Amino acid sequence: MRLRRPVVAVAAALLTAVGLASPATAAPSAPPLSPQDNAFRQIEALQKIKASAKEESKVDSRITVERARQERSAALPRLAPAALVSPASTVTVDIRTTSVSPDLIAQLTRSGAGVRAVSHRYDSVRAEVPLTAVTALAARPDVKAVEVAGEAITARANPRQRKPESKQDKANRIAENTRRALTDRAAPIISEGDRAHNADTARQQFGVTGVGVKICALSDGVDSLSTSQAAGELGPVDVLPGQAGDGDEGTAMLEIIHDVAPGADLGYATAFTSDASFADNIRALRFQAGCDVIVDDVLYFKESPFQDWIIAQAVNDVTTAGALYFSSAGNEGNTVDGTAGHWEGDYVNSGQVIGKWAGHAHDFDPGPGTQIFQPLSAESRGVPVTLHWSDPIGASGNDYDLYLLNAAGDVIAASQDYQDGTQDPYERLNTPTALMPGLRLAVVKFAGADRYVSLSALRGRFTDSTDGLKAFSTPGVTLGHSAARKAFSVAAAPANLPLPFDLEPGDPPNPRGPFPGAYDAASSLERFTSDGPRRVFYEADGTPITPGDVGSTGGEVRQKPDITAADGVRTSVQDFDPFFGTSASAPHAAAIAGLVLSGNPGLPDSEVREALINTAIDLGAPGVDNRAGAGMIMVDRVLAYTGASPQPRARAANPTIRANDGGAYLDPGDTATITLPVTNSGDAPAVSTSVVLTSPTPGVTIAPRSKSYGTVDRGQTVVNTFQLTIPASHPVGLPVRIDTRVTFAGALSPTTVTFTAEVGQSSPVVNHFAYAGAPVAIPDDSPLGATVPITVSGVGRASKLAFSVDGQTCSATAGSTTVGIDHTWVADMVGTLTSPSGASAVVFAGGGGGGNNMCQVVFDDTAARAFASAFSAEAPFTGTWRPDQALDRLRADAVDGTWTFTVIDTVADDTGTVRAVSLHANGYVTPTGP
């Protein structure tokens, strides 16, 4: 089984880099070296490179080796270029800082770097930096580390990789799929997990659909979201602006959630911009988007098994704030099925010195023998190998290194960063993608104290070698944020057909699921599902859990995984039919939790956990175990346990407000009739429904203050009227605020909504305010974006706002200087308008596909068509469109002052320029007399 996102190995040929030949290339007179002696000699040579780079201890060792190759090419004639360096001699890095300052961003920009992501909360910048600029960057006192950009994988199990496709090819494919979905509309495809978990019958029995709950996912991307919506597989999804990502695993996860909890609201953000951006998006989904349940299927390789790193810290933040968090346990295998490549335990000094420089190799053999190599299976190709040890993050003073060798003792890859008190206890390398039997790993303690060590070949396997090495594996491969205390780590069991390929040649058959039946105690786990438990030594802030004991008797042992759910299910998403892996099981579990909350609003997270654990069907070893956790969660059992009941949700809809004197608008001193509809979108009738209307606007009265709406059935709308009185002294243009509170018999009561009533006659005069500066380049794939100011004066309060992207002559020609915004691939852009008060609205995000250029485009709240629906063939984009977010939200305050318009490019390879944009504002007619 291959990785979802293949990663590239560190450059080989390190032997030739230091002039030490392998036996195959040594001078004929030299005696042959044994594989072990050859390994020792090459590791010694690598350690000399490490020693020479001591002054650059903040720089990733892979960068150091590559820069040495380029700067001293005559001395290193046969060292191959590292794949981490682009053809333009740039490297994408994560810059860890004490604080992300404007001066740091300015230095990056001056050096020619492209900033890809910025996290102020986690003091991290991802940037594509010229290799020659790394030294100066690392020399800054506010820079703690310059690391090769952290990579990640999703927990999808699928051997088939889509052939690389251009942005245009992908857009064409998705457009064609969307066209077919609209014209050949078929019955929705429902996950078999809906049946296997008894969710379909439980929804009918308990009348609970997910109403009142918002469930949000993080994964790679939602490329085919519009296709799934066109096919009726998904409804509205709240995607964080600019965070749609790249790929379709998120779309498939959302379909699963919707199948099981069709009444729930949905949200999404990508996890793949950077590790810090992933953490930021977890928090944004809870604290900005209001998500009650969050689920992801992503692992960053750098995530520590022994301490909650920034991603786990974000999980801790949202669970402390009341959200439920679900995450894939992973597809890294387990010791019961013999499918893992994981060993952890106390470092044991083998007594074998590696080379003449420093270091002793770790002894993997738990018996009286000594074995310093851990053998990998021949199929462990293109997999990341991680080494962690039990020092606190950012404060490791014990230096361990990681080496990959072949059967002849040649070093194939190495990771040997310095750890001298301020670095992370982490090393990583990758195995070659080509078949190379006989590979083995070595762990060397370069300096320092003995520590507890975790060595993982993620989705590889430790297997006895043909030359006598024995594989030593231990449980506990699951790691990272899914092992956070309050997170639910989710294992996988097939719902229907078995995984359609062997994990490795010669493996036993994969299990199949119960569909069209339901899970029971005889159901089997997937053979790839990751095992636990997870031993953790430090609190998130680095405080030792057991001071003085960071070995096999110390720390805290967390039961992971927690629960099991379905995978191997159908979705409508291309390449995700079927969808295998804990990537599929985690959204099933999240949706089931959403049903629990829907039927039990306000249920504490501790009680949700108790219910899921206590009602799970035991799988695998009797009792709670390290593969299935508590077992298979079942919807009927957990809803019965919690006493779930259908809940009404009555809410006020947009009112109609008309002056009683028949005027076309409200004047100061008017009375008006408010016609207020209330709609029940819940799962049960809203009994004893009443509405209270109030206004905090000075002098305004509403009568009666409250009215009964009686019983509002499911899906029904009931209407009542109220009288609004506006004082004669009320200023023209100042909107009247109307607060509604709808109460009814149910746990979701009350619901509140605020509306405004315009006072005064809208002026027919449109005031135009244009950006008057020079064109501003939009940086490629950068959150820095391009910002232009627009100065507004003489309007006061606005009765209407519109925004335009101008231009003189419209064309789709790349780089055109006569359009308002020239940009190839308009869908890459997010445009945001910000008022002088700081309120903002996303004008456009993701619309336009691969079309070029915006010219004479007007964004108006009353337009019939949203720009999000624009497609490539309509370029250059002109005419009137509805913005992504209403511009009316920017009229709450007077509009005079400096506005800003910012365009951010979110995807690599296409750029452009902001040239001509304008803001258009109507004021109010000034009253001329009584």
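If you're wondering where the values come from, they're calculated on a predicted model, not measured in any experiment. (Residues numbered from 1 in each chain as written. Predicted model: local features only at pLDDT ≥ 70, side-chain atom pairs only at ≥ 80, totals over all residues. Heavy atoms only, no water.)

Peer 1: I'd like a description of the overall build of the protein chain, backed by residues and values.
Peer 2: Counting secondary structure elements, the protein chain contains 15 helices and 46 strands. Overall size of the protein chain, expressed as C-alpha extent along the three principal axes, is 110 × 65 × 55 Å. Out of the 930 residues in the protein chain, the part that is buried amounts to 58%. Within the protein chain, counting contacts between residues at least 6 apart in sequence, those at least 24 apart form 76% of the total. Side-chain charges in the protein chain split into 72 positive and 99 negative, and the spacing between the mean points of these groups amounts to 1 Å. (Helix = DSSP H or I, 4+ residues; strand = E, 2+ residues; numbered from the N terminus. Buried < 20%, exposed > 50% of the residue type's maximum accessible area, 1.4 Å probe, protein only. Contact = heavy atoms within 4.5 Å. Lys, Arg positive; Asp, Glu negative; His and termini not counted. Charge placed at Lys NZ, Arg CZ, Asp CG, Glu CD.)

Peer 1: Can you lay out the sheet that holds strand E4 (residues 143-148) for me, pointing to particular residues and giving the numbers?
Peer 2: With respect to topology, four strands assemble into an open sheet ordered E2-E3-E1-E4, the strand pairing being antiparallel. At either margin of the open sheet sits one strand with a lone partner, and together these are strand E2 (114-119) and E4. Each strand of the sheet is rotated relative to its neighbour by a mean of 25°, with strand direction disregarded. Sheet topology note: the E2/strand E3 (residues 124-130) ladder contains five bridges and is antiparallel. (Pairing = 2+ DSSP bridges. Axes fitted to C-alpha atoms, helices over the stretch in contact; angles between N-to-C directions.)

Peer 1: Pulling in residues and values, what's your account of the environment of His481?
Peer 2: Here His481 shows up in the loop between strand E21 (452-457) and strand E22 (488-494). Between the C-alpha atom of His481 and that of Ser328, which follows or precedes it by 153 residues, the distance is 9.6 Å. Only 2.9 Å separates the side chain of His481 from the side chain of Asp296, close enough to count as a polar contact. (Polar contact = N/O pair within 3.5 Å; in protein donor to acceptor, adjacent residues only side chain to side chain.)

Peer 1: So, the state of the cysteines: which residues are in play, and what are the values?
Peer 2: For the structure shown, the criterion picks out two disulfides. Paired through a disulfide, Cys216 and Cys291 show a sulfur-sulfur distance of 2.0 Å. Torsion about the S-S bond of the Cys216 and Cys291 cystine: about -75°, corresponding to left-handed handedness. In this pair, Cys216 is assigned in strand E6 (residues 214-219) and Cys291 in the loop between helix H11 (275-287) and strand E9 (293-296), connecting sequence segments 75 residues apart. Each member of the pair Cys216 and Cys291 is classed as buried. (Disulfide = S-S within 2.5 Å.)

Peer 1: Could you give me a rundown of the pairing of E9, with the residues and numbers involved?
Peer 2: On E9, burial covers both faces: Val293 and Val295 on one face and Ile294 and Asp296 on the other are all buried. Looking at chain direction, E6 and E9 are connected through four bridges and run parallel. Bridge pairing links Ala217 to Val295 in E9. Here four bridges tie E9 to strand E11 (residues 324-328), and the two strands are oriented parallel to one another. Across the sheet, residue Ile294 finds its bridge partner in E11, namely Tyr325.

Peer 1: Give a description of the domain arrangement of the protein chain that names residues and reports values.
Peer 2: The parts lose accessible area when they come together, and the size of an interface is often stated as this lost area. Domain annotation for the protein chain reports domain 1 (34-76 + 341-474), domain 2 (194-334 + 481-642), domain 3 (650-759) and domain 4 (763-925). Spacing between the C-alpha centres of domain 1 and domain 2 amounts to 33 Å. With 25 residues of domain 1 at the interface, the matching set in domain 2 holds 23 residues. Asp507 is the salt-bridge partner of Arg461, the closest N and O atoms lying 3.0 Å from each other. Sorting the residues of the side of domain 1 that touches domain 2 by element identifies strand E12 (342-346), strand E16 (384-389), strand E19 (426-430) and E21 as the ones contributing at least two each. (Domains from an automatic or database assignment. Salt bridge = Lys/Arg side-chain N within 4 Å of Asp/Glu carboxyl O.)

Peer 1: Outline the UniProt feature "domain: P/Homo B" (unreviewed entry) in the protein chain, supporting the account with residue identities and numerical values.
Peer 2: According to UniProt, the positions carrying the feature "domain: P/Homo B" (unreviewed entry) are residues 760-927. Helix makes up 0% of residues 760-927 and strand 45%, and the two end C-alpha atoms of the span are 8 Å apart. (UniProt positions renumbered as here; feature names shortened; annotations may be inferred.)

Peer 1: Tell me what's going on with the packing of aromatic side chains, and back it up with residues and numbers.
Peer 2: With the rule as written, the count across this model stands at 17 aromatic pairs. A ring pair is formed by Phe306 and Phe537, whose centres lie 5.2 Å apart and whose planes are at 70°; its orientation type is edge-to-face. Linking Phe306 in the loop between strand E10 (298-300) and helix H12 (310-320) with Phe537 in the loop between strand E23 (534-536) and strand E24 (556-558), this pair joins segments that are 231 residues apart in sequence. Residue classification places Phe537 among the buried positions, given a relative accessible area of 1%. Plain terms: the ring middles of Phe867 and Phe877 are 5.5 Å apart, the flat faces sit at 75° to each other, and that makes the pair edge-to-face. With Phe867 in the loop between strand E42 (854-859) and strand E43 (877-881) and Phe877 in strand E43, this pair connects stretches of sequence that are 10 residues apart. Take Phe867 and Phe877: they sit in the same class, and that class is buried. Following the ring pairs from residue to residue traces out a cluster consisting of Phe803, Phe844, Phe859, Phe867, Phe877, Trp881 and Phe901. Residue placement shows Arg156 over the ring face of Phe576; its charged tip is 3.8 Å from the ring centre. (Phe/Tyr/Trp six-rings, centres within 6.5 Å; stacked < 30°, edge-to-face > 60°. Lys NZ or Arg CZ within 6 Å of the ring centre and 35° of its normal.)

Peer 1: Run through the packing of helix H14 (residues 605-615) against helix H15 (residues 635-642), naming residues and quoting values.
Peer 2: Two numbers describe how H14 lies on H15: the axes approach to 9 Å, and their chain directions differ by 130°. Classified by the angle their axes make, H14 and H15 are oblique. Two packed elements cross with a definite hand, and for H14 against H15 that hand is right-handed. Across the interface between the two elements, Glu610, Ala611, Leu612, Asn614 and Thr615 from H14 touch Arg637, Val638, Tyr641 and Thr642 from H15. Of the residues contributing to the contact of H14 with H15, the split by class is four nonpolar, three polar and two charged. (Parallel < 35°, antiparallel > 145°, perpendicular 65-115°, else oblique. Left-handed = near helix turned anticlockwise from the far one by under 90°. Nonpolar A, V, L, I, M, F, W, Y, C, P; charged D, E, K, R; others polar.)

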